[in-house]
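A look at the structure
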Amino acid sequence: MAVPSKYTSVKPAGDRVFVKLGAEEELSTGGILLPSTAQKKPSEGSVVAVAAEDATVKVGDQVVYSKYAGTELELGGEEHVLLKEEDVVGIKNGASYKDLKPLGDRVLIKVGKAEEATSGGVLLTDSAREKPLTGEVIAVGPGKKGEENTSTISPGTTVMYQKYAGTEFKDQDGSEYIVVQGSDVMATLM
């Protein structure tokens with residue numbers, strides 16, 4: 001949705017955050033130019049404005065948010081998204097997702113490797129491999145706003161999480177990460 005040109009800024013209301021989108025991925029990792037229909041929709045950007053003074057995120061923070069969250073707006077020829085603060089998954093502290101600081105009761109997990117062969121030794125193609133549901137905890141959020149964090153999950157722990165939970169990211173080096181709610185962690189593996 002384009003904001004009429006007579007308006008030059010947006011001040012979020014309630015618990016909203018206004019984010020300027022990052023650039024769309026125009027090239028594949030192999031350097032092939034992607035058509036606009038194949039480009040991944042960005043799910044990160046820079047915070048331009050926040051509604052609440054006590055918001056967890058601040059203006060200028062690089063944030064990552066849930067893929068399908070918010071309302072996309074075009075302001076001054078640039079793409080933005082207006083989000084609820086709870087839809088912000090974490091604050092990115094560098095180029096890599098391993099440096100992501102999860103917010104709320106979320107957990108950042110480095111996804112484990114998928115099985116490459118069956119028990120009988122038959123090699124599986126990428127499309128036939130089952131998505132792994134285990135990984136190593138990289139970081140744990142501080143807990144929900146106003147509540148004490150009672151999580152027993154800590155960095156370095158290997159956990160199992162629910163199948164359709166979380167927001168997935170692929171890092172520049174090919175490593176896969178997922179951010180899930182603490183309640184989506186089903187077990188600790190020992």
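Refer to the preceding data block for the structure.
These remarks concern the structure in this document. Since we're looking at a predicted model, the values are computed, not measured.

What counts as what
Throughout this description, residue numbers start from 1 for each chain and increase along the sequence as written. Given that this is a predicted model, residues contribute local features only at a pLDDT of at least 70 and side-chain atom pairs are listed and counted only at 80 or more, while totals for whole chains, interfaces and linings are drawn from all residues. Each side-chain value is derived from all of the structure's non-hydrogen atoms; neither hydrogens nor water enter the calculation. At least two DSSP bridges between two strands are needed for those strands to be called paired. A run of DSSP states H or I qualifies as a helix once it reaches four residues; a run of E qualifies as a strand once it reaches two. Both are numbered from the N-terminal end. Contacts described as polar in this section are N or O atom pairs within 3.5 Å, which, within protein, must combine one atom able to donate a hydrogen with one able to accept it, while residues neighboring in sequence count only if both atoms come from side chains. Whether two residues touch is decided by their heavy atoms; if any such pair falls within 4.5 Å, the residues are in contact. Under the pairing criterion, centres of Phe, Tyr and Trp rings, with the six-membered ring standing for Trp, must be within 6.5 Å; the plane angle then separates stacked pairs below 30 degrees from edge-to-face pairs above 60, leaving the rest tilted. Think of it in three bands: residues with accessible area under 20% of the maximum for their type are buried, residues over 50% are exposed, and the middle band is partly exposed, with areas taken using a 1.4 Å probe on protein chains only. Whenever a carboxyl oxygen of Asp or Glu lies within 4 Å of a side-chain nitrogen of Lys or Arg, that contact is scored as a salt bridge.

Let us look at the pairing of strand 9 (residues 134-140). Pairing geometry for strand 8 (residues 106-111) and strand 9, over 5 bridges, is antiparallel. Considered in strand 9, the bridge of leucine 108 is made with alanine 139. Strand direction decides the pairing type here: strand 9 and strand 10 (residues 158-161), joined by 3 bridges, are antiparallel. Bridged to glutamate 136 within strand 10 is threonine 158.

Here we take up the side chain of glutamate 85. Residue position: glutamate 85 is located in the loop between strand 5 (78-84) and strand 6 (88-92). Reaching out from glutamate 85, the side chain makes a polar contact with the backbone nitrogen of threonine 56 at a distance of 2.5 Å. For glutamate 85, the residues in contact, after removing those within four places along its chain, are Asp15, Val17, Ala55, Thr56, Val57 and Lys145.

Per the counting criterion, the structure on display carries 1 aromatic pair. Judged by centre distance (4.7 Å) and plane angle (20°), the ring pair of tyrosine 97 and phenylalanine 169 falls under stacked. Separated by 72 residues along the polypeptide, tyrosine 97 in the loop between strand 6 and strand 7 (100-102) and phenylalanine 169 in strand 11 (residues 167-170) bring together distant segments of the chain. Accessibility classification places tyrosine 97 together with phenylalanine 169 in one group, the buried group.

What follows is about the pattern of salt bridges. Counted under the stated rule, the structure contains 2 salt bridges. Residue glutamate 78 is joined to lysine 20 by a salt bridge in which the shortest nitrogen-to-oxygen separation is 3.1 Å. A residue pair is termed long-range when its members are at least 10 positions apart, and glutamate 78 in strand 5 and lysine 20 in strand 1 (residues 16-21) qualify at 58 residues. What makes glutamate 78 partly exposed here is its relative accessible area of 35%. Across the pair glutamate 44 and lysine 92 runs a salt bridge whose closest N-O atoms are separated by 3.2 Å. Of this pair, glutamate 44 sits in strand 2 (residues 44-50) while lysine 92 sits in strand 6; the two residues are 48 residues apart in sequence, bridging distant segments of the chain.

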